[in-house]
Amino acid sequence: MSQFEEIIRKFQIKGEITGVKPLGHGTVNHTYEIVCGGIHYVLQEMNHFVFKYPTEVMNNLFLVTEYLRDVIEKEGRDPDLETLTFIRTKSGNQLLQTESGSYFRLYRMIDCGEEMKKPDTVETSYEVGKILGQFHRRLRDFPAEKLSYTVPKLHDMKHVMSAFLDAVRGDICFRTSDCQEQIQFVLERSKKISLIRDAIKAGEIPLRVTHNDTHYSNILVDEGSKKAICLIDLDTVMPGVSILDFGDSVRAGAATFDEDERSGDIELNLDLYHFHLQGYADEMGRVLTEKEKELINYAIWLMALERGIRYLTDYLNGDRYLTDFSYERQNLYRAVNQFFLVLDIEEKSELMAEIAKNVFRKHGGA
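Some points on the overall build of the protein chain
Here's step 1: When helices and strands are tallied, the protein chain shows 13 helices and 11 strands.
Here's step 2: Over its C-alpha atoms the protein chain spans a radius of gyration of 21 Å, differing by no more than 12% from the 21 Å that the globule rule assigns to 366 residues.
Here's step 3: Projected onto its principal axes, the C-alpha positions of the protein chain cover 60 × 50 × 40 Å.
Here's step 4: Taking contacts inside the protein chain between residues at least 6 apart in sequence as the whole, the part at least 24 apart equals 72%.
Here's step 5: For the protein chain, the accessible surface area stands at approximately 17500 Å², while carbon and sulfur atoms represent 49% of it.
Here's step 6: Side-chain charges of the protein chain comprise 45 positive and 59 negative groups, with the mean position of each set lying 4 Å from the other.

A closer look at the nonpolar core
Here's step 1: Ranked by internal contacts, the top residues of the largest apolar core, which has 95 residues, are I196, I243, Y273, L302, I309 and L312.
Here's step 2: Looking at this core, the element that brings in the most residues is helix α11 (residues 296-316), giving 14 residues.
Here's step 3: Other than its neighbours up to four places away in sequence, I196 contacts I205, V241, I243, L244, L295, Y298, A299 and L302.
Here's step 4: Within the second largest apolar cluster, 15 residues are counted, among which are F11, I34, C36 and L106.

What about helix α8 (residues 242-253)?
Here's step 1: Under the 1.5 Å per step criterion, the end-to-end length of α8 is 17 Å for 12 residues, consistent within 8% with the ideal 16 Å.
Here's step 2: The buried fraction of α8 amounts to 12 of the 12 residues, a majority that puts the element mostly inside the structure.
Here's step 3: Those residues of α8 not exposed but buried are S242, I243, L244, D245, F246, G247, D248, S249, V250, R251, A252 and G253.

Digging into the pairing of strand β3 (residues 39-46)
Here's step 1: One ladder, built from seven bridges, connects strand β2 (residues 30-36) with β3; its direction is antiparallel. Within β3, the residue paired with C36 across the bridge is I39.
Here's step 2: Two elements, β3 and strand β6 (residues 103-108), share six bridges in a ladder whose sense is antiparallel. Bridge assignment links Y41 to a residue of β6, and that residue is R108.

Remarks on the packing of α8 against helix α9 (residues 270-284)
Here's step 1: Packing of α8 against α9 leaves a shortest axis separation of 10 Å and a crossing angle of 150 degrees. Judged by the twist between their axes, the crossing of α8 over α9 is right-handed. Packed against α8, whose contacting residues are S242, F246, S249, V250 and G253, the element α9 presents L272, Y273, H276, L277 and Y280 at the interface.
Here's step 2: Its residues assigned to classes, the contact of α8 with α9 comprises six nonpolar, four polar and no charged.

A closer look at the sheet that holds strand β10 (residues 228-231)
Here's step 1: With antiparallel pairing, the three strands of this open sheet are ordered in space as β7-β9-β10. Sheet topology places β7 (113-115) and β10 at the edges, where each strand pairs with a single neighbour. Averaged over all neighbouring strand pairs, the angle between strand axes comes to 35 degrees, with direction disregarded.
Here's step 2: Two strands pair when backbone bridges link them, and strand β9 (residues 219-222) and β10 are joined in this way by three bridges, in the antiparallel orientation. Within β10, the position partnered with L220 by the bridge is C230.
Here's step 3: The sheet contacts of helix α4 (residues 122-138) involve β9 and β10, and relative to β10 the element is tilted by about 45 degrees.

Structural notes on the layout of surface pockets
Here's step 1: Quantified by volume, the second largest pocket comes out at close to 420 Å³.
Here's step 2: Lining the second largest pocket are 19 residues, and of these L154, H155, D156, I200 and V241 lie nearest its centre.
Here's step 3: When residues of the lining of the second largest pocket are traced back to their parent elements, those giving at least two are α7 (195-201) and β11 (238-240).
Here's step 4: For the lining of the second largest pocket, the per-class residue count stands at 12 nonpolar, four polar and three charged.

Side note on the pairing of β6
Here's step 1: Counting buried residues in β6 gives five out of six residues, a clear majority hidden from the surface.
Here's step 2: As defined by bridge partners, strand β4 (residues 86-87) adjoins β6 across two bridges and the pair is classed as antiparallel. Following the sheet pairing, F86 is matched in β6 by Y107.
Here's step 3: For strand β5 (residues 96-97) and β6, the ladder comprises two bridges, and the chain directions are antiparallel. Each residue of the ladder has a partner; that of L96, found in β6, is F104.
Here's step 4: Connecting the antiparallel pair β5 and β6 is a turn made up of five residues, with G101 showing a positive phi of about 95 degrees.

Points about α9
Note: α-helices contain 3.6 residues per turn, so residues at a spacing of three or four share the same orientation.
Here's step 1: Between its first and last C-alpha atoms α9 spans 20 Å; for 15 residues at 1.5 Å apiece the expected length is 21 Å, and the two agree.
Here's step 2: If you check which residues of α9 are buried, you get L272, Y273, H276, L277, Q278, G279, Y280, A281, E283 and M284.
Here's step 3: Tucked inside the fold, the buried residues of α9 contact α4, β8 (208-210), α8, α11 and α13 (349-361).
Here's step 4: For α9, the capping residue at the N-terminal end is N269, with a side-chain oxygen 2.9 Å from the backbone nitrogen of D271.

Some details on the pattern of salt bridges
Here's step 1: Evaluation of the coordinates by the stated rule reveals 24 salt bridges.
Here's step 2: Across the pair E114 and K226 runs a salt bridge whose closest N-O atoms are separated by 2.4 Å. One end of the pair, E114, is in strand β7; the other, K226, is in the loop between β9 and β10, with 112 residues separating them in the sequence.
Here's step 3: When the shortest N-O distance is used, the salt bridge between E294 and K291 registers 3.2 Å. In this pair, E294 and K291 are both assigned in helix α10 (residues 290-294), three residues apart and thus about one turn of the helix distant.
Here's step 4: Given the relative accessible area of 53%, E294 is considered exposed.
Here's step 5: Residues joined by salt bridges that share partners form a network here, namely E75, R77, E82, K130, R137, R138 and E283.

What counts and how
- Residues numbered from 1 in each chain as written.
- Predicted model: local features only at pLDDT ≥ 70, side-chain atom pairs only at ≥ 80, totals over all residues.
- Heavy atoms only, no water.
- Helix = DSSP H or I, 4+ residues; strand = E, 2+ residues; numbered from the N terminus.
- Rg over C-alpha atoms; globule rule 2.2 N^0.38 Å.
- Contact = heavy atoms within 4.5 Å.
- Areas by Shrake-Rupley, 256 points an atom, 1.4 Å probe, with all protein chains shown as cover.
- Lys, Arg positive; Asp, Glu negative; His and termini not counted.
- Charge placed at Lys NZ, Arg CZ, Asp CG, Glu CD.
- Core = buried A, V, L, I, M, F, W, Y, C linked by side-chain atoms within 4.5 Å.
- Buried < 20%, exposed > 50% of the residue type's maximum accessible area, 1.4 Å probe, protein only.
- Expected span 1.5 Å × (residues − 1).
- Pairing = 2+ DSSP bridges.
- Axes fitted to C-alpha atoms, helices over the stretch in contact; angles between N-to-C directions.
- Left-handed = near helix turned anticlockwise from the far one by under 90°.
- Nonpolar A, V, L, I, M, F, W, Y, C, P; charged D, E, K, R; others polar.
- 1 Å grid on protein atoms, 1.4 Å probe; cavity = no way out; pocket = protein on both sides within 12 Å on 5 of 7 lines; lining within 4 Å.
- Points joined across faces, edges and corners; volume = space filled by probe spheres on them.
- Polar contact = N/O pair within 3.5 Å; in protein donor to acceptor, adjacent residues only side chain to side chain.
- Salt bridge = Lys/Arg side-chain N within 4 Å of Asp/Glu carboxyl O.

Below, the structure is given as structure tokens:
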């Protein structure tokens, strides 16, 4: 415990340290649960190889969470429960940098919260959509331009396609012969990937504060009621497109497969999608522009396609980035799974459009 005690004592907390243990199963940051003065905290050593600008990440987190605290208090709710509370160091810094070059941060643990499991009922799917919509709604008046772009070119499809085409042309691992069908699949859809970028340029879609990693495992739910409490893992918070956040959460939460499956039925569950959208619209239905509503289902398709292209690009490059795999060609299987989801979304596009029209009609238009 002595190793951590020196670090913990440099933050603005008081009391006797009575517990330190590893927490969670994240692969990016090293995370520990700390008990000090009877209060539970989360201490994280940030991976500054993944997050190359840790001070900018932390500045974004403090700006967003402190703003959220004010909004939540004005709503008459509990900010200690519904957003993260980061602790400054005793010298007033947002982040502690050690002599060895490591970066540590500390925040209060939400004691009653547990990580959400993959949604398998319409009730849990509604909770996913609602908590994401609540996050966006509460930050709708926050000036997104104050935030740094801590993950450059995230969801920049021009950049994604450029990297993919470089990988195909380079073929450094001689793998293109294994996946000609998948390469052609991407090329056939490449002319349809710029609709959101074009709408931003036309002023039809605004940049908002977005989470950018809206996987269901980044949602805390109350252990008792199973109601969603808040979004966590805010490292990728920055300016972005809210419907891409929504699209990625549906891609992960309403699909009938896990990304690493090698077989099985792969489709978008329309019931889960419907309630996911209903929850989101109950919070953001009157905030979204008409163009955002028009492209909200396209955003789901685009996020599935983008994820598949990234997996395929990494496979062609020799699995240099996405190295958390357990069998050969896993990144190729991951890409194929996403492309099957893309196909299913395309086949269900008319049904999804009708669902969206009916949902948004309740909130002032579709």
